[in-house]
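Below are the chains, spelled out letter by letter.
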Amino acid sequence: MKIYGIPNCDTVKKARDWFKKNNIDYEFHDFKKEGISLQKLREWDSKAGYEKFLNKNSTTWKELPDEVKESVKTKNDAFALIQEKTSMIKRPVIEKEGVLLFGFDEEAYKQLVN
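Nothing here was measured: the structure is a model prediction, and the numbers come from that model. Throughout this document, residue positions are counted from 1 along each chain, in the order its sequence is written. Side-chain atom pairs in this predicted model are given and counted only at pLDDT of 80 or more, local residue features only at pLDDT of at least 70, and totals for whole chains, interfaces and linings cover all residues. Excluding hydrogens and water, the side-chain values take into account all heavy atoms of the structure.

Caption draft 1: Examining the overall build of the chain more closely. The number of helices and strands found in the chain is eight helices and four strands. The helix count covers DSSP runs of H or I at least four residues long, the strand count covers runs of E at least two residues long, and both are numbered beginning at the N terminus. Overall, the chain shows an N-to-C arrangement of helices and strands of β-α-β-α-α-α-α-α-α-β-β-α. Here the C-alpha coordinates of the chain stretch approximately 45 × 25 × 25 Å along the principal axes. Note on contacts: a residue pair is in contact if any heavy atoms of the two residues lie within 4.5 Å. Put simply, of all contacts in the chain between residues at least 6 apart along the chain, 63% involve residues at least 24 apart. Note on areas: Shrake-Rupley with a 1.4 Å probe; residue coverage comes only from the protein chains shown. With an accessible surface of roughly 6800 Å², the chain has 41% of that area assigned to carbon and sulfur atoms.

Structure follows, in structure tokens:
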């Protein structure tokens, strides 16, 4: 299992704490240090649609100039912006055996690990 996120994000901390508390091993991918590949964004898009992980409620998105927000008309536009500003990805992203989860959802985590 792999968790993608930013270490100081409260939601990521909550998820990581949940997995630790339940003795579930995972690999952590730090967006700030490692970024995110175009290939990975395309993979997530094919499974869930980029709208699911482009977090328009994020502070990063809200602080963008309107002309930048309005310029995101295609998934390729979104991917370029996401790679530049990984804080716009809904966090955490959990990957396990083809299953993809976005955000903190304890019930979904329980189902994923059982």
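Caption draft 2: Molecular detail of the sheet that holds strand β2 (residues 27-30). Note on pairing: two strands pair once DSSP finds at least 2 bridges between them. With mixed pairing, the four strands of this open sheet are ordered in space as β2-β1-β3-β4. Whereas interior strands pair on both sides, the edge strands pair on one side only; in this sheet they are β2 and β4 (99-102). Averaged over all pairs of adjacent strands, the angle between strand axes in this sheet comes to 20°, irrespective of strand direction. The pairing of strand β3 (residues 93-96) with β4 spans four bridges and is classified as antiparallel. Within the sheet, the bridge partner assigned to Ile-94 lies in β4 and is Leu-101. Angles run from 0 to 180 degrees between N-to-C directions of axes, and those axes are lines fitted to C-alpha atoms, restricted for helices to the stretch in contact.

Caption draft 3: Region of interest: the environment of Lys-13. Tracing the sequence through the fold places Lys-13 in helix α1 (residues 10-21). Along the chain, Lys-13 and Val-113 lie 100 residues apart, while their C-alpha atoms are 18 Å from each other. Once residues within four sequence positions are removed from consideration, Lys-13 is found in contact with Pro-7 and Asn-8.

Caption draft 4: Structural view of the packing of aromatic side chains. In summary, the pairing rule links any two rings of Phe, Tyr or Trp, Trp by its six-membered ring, whose centres are within 6.5 Å, and it sorts them by plane angle into stacked for under 30 degrees, edge-to-face for over 60 and tilted for everything else. Considering all chains together, one arrives at 11 aromatic pairs under this definition. Here Trp-44 and Phe-102 contribute two aromatic rings whose centre-to-centre distance is 6.2 Å and whose plane-to-plane angle is 85°, an arrangement assigned as edge-to-face. Of this pair, Trp-44 sits in helix α3 (residues 38-48) while Phe-102 sits in strand β4, and the two are 58 residues apart along the sequence. Burial classes follow relative accessibility: with a 1.4 Å probe on protein chains only, a residue under 20% of its type's maximum area counts as buried, one over 50% as exposed, and anything between as partly exposed. Phe-102 gets classed as buried once you look at its relative accessible area, which sits at 12%. Summarising the aromatic geometry, the rings of Tyr-50 and Phe-79 are spaced 6.3 Å apart at their centres and angled 80° between planes, so their arrangement reads as edge-to-face. Here Tyr-50 is found in helix α4 (residues 50-53), whereas its partner Phe-79 is found in helix α7 (residues 75-84), with 29 residues between them in sequence. In this structure, Tyr-50 and Phe-79 share a single accessibility class: buried. A cation sits over an aromatic face here: Arg-16 above Phe-28, 3.8 Å from the ring centre. Comment: the charge-over-ring label is applied if NZ (Lys) or CZ (Arg) is within 6 Å of the ring centre and within 35 degrees of the ring normal.

Caption draft 5: Inspection of the layout of surface pockets at higher detail. Here the largest pocket defines a volume of roughly 150 Å³. Here a cavity denotes a set of grid points, spaced 1 Å apart and computed over the protein atoms alone, in which a 1.4 Å probe fits but from which it cannot get out, and a pocket denotes an open set meeting protein on both sides within 12 Å along at least five of seven lines; residues with an atom within 4 Å of a point are reported as lining. Around the largest pocket, the lining residues are Ile-6, Cys-9, Thr-11, Asn-55, Ser-58, Thr-59, Thr-60, Ser-87, Ile-89, Lys-90, Arg-91 and Gly-103. Here the residues of the lining of the largest pocket are counted per class, giving three nonpolar, seven polar and two charged. Grid points are joined across faces, edges and corners, and a volume is the space filled by probe spheres set on the points. Think of it as three bins: nonpolar holds Ala, Val, Leu, Ile, Met, Phe, Trp, Tyr, Cys and Pro, charged holds Asp, Glu, Lys and Arg, and polar takes everything else, Gly as well.

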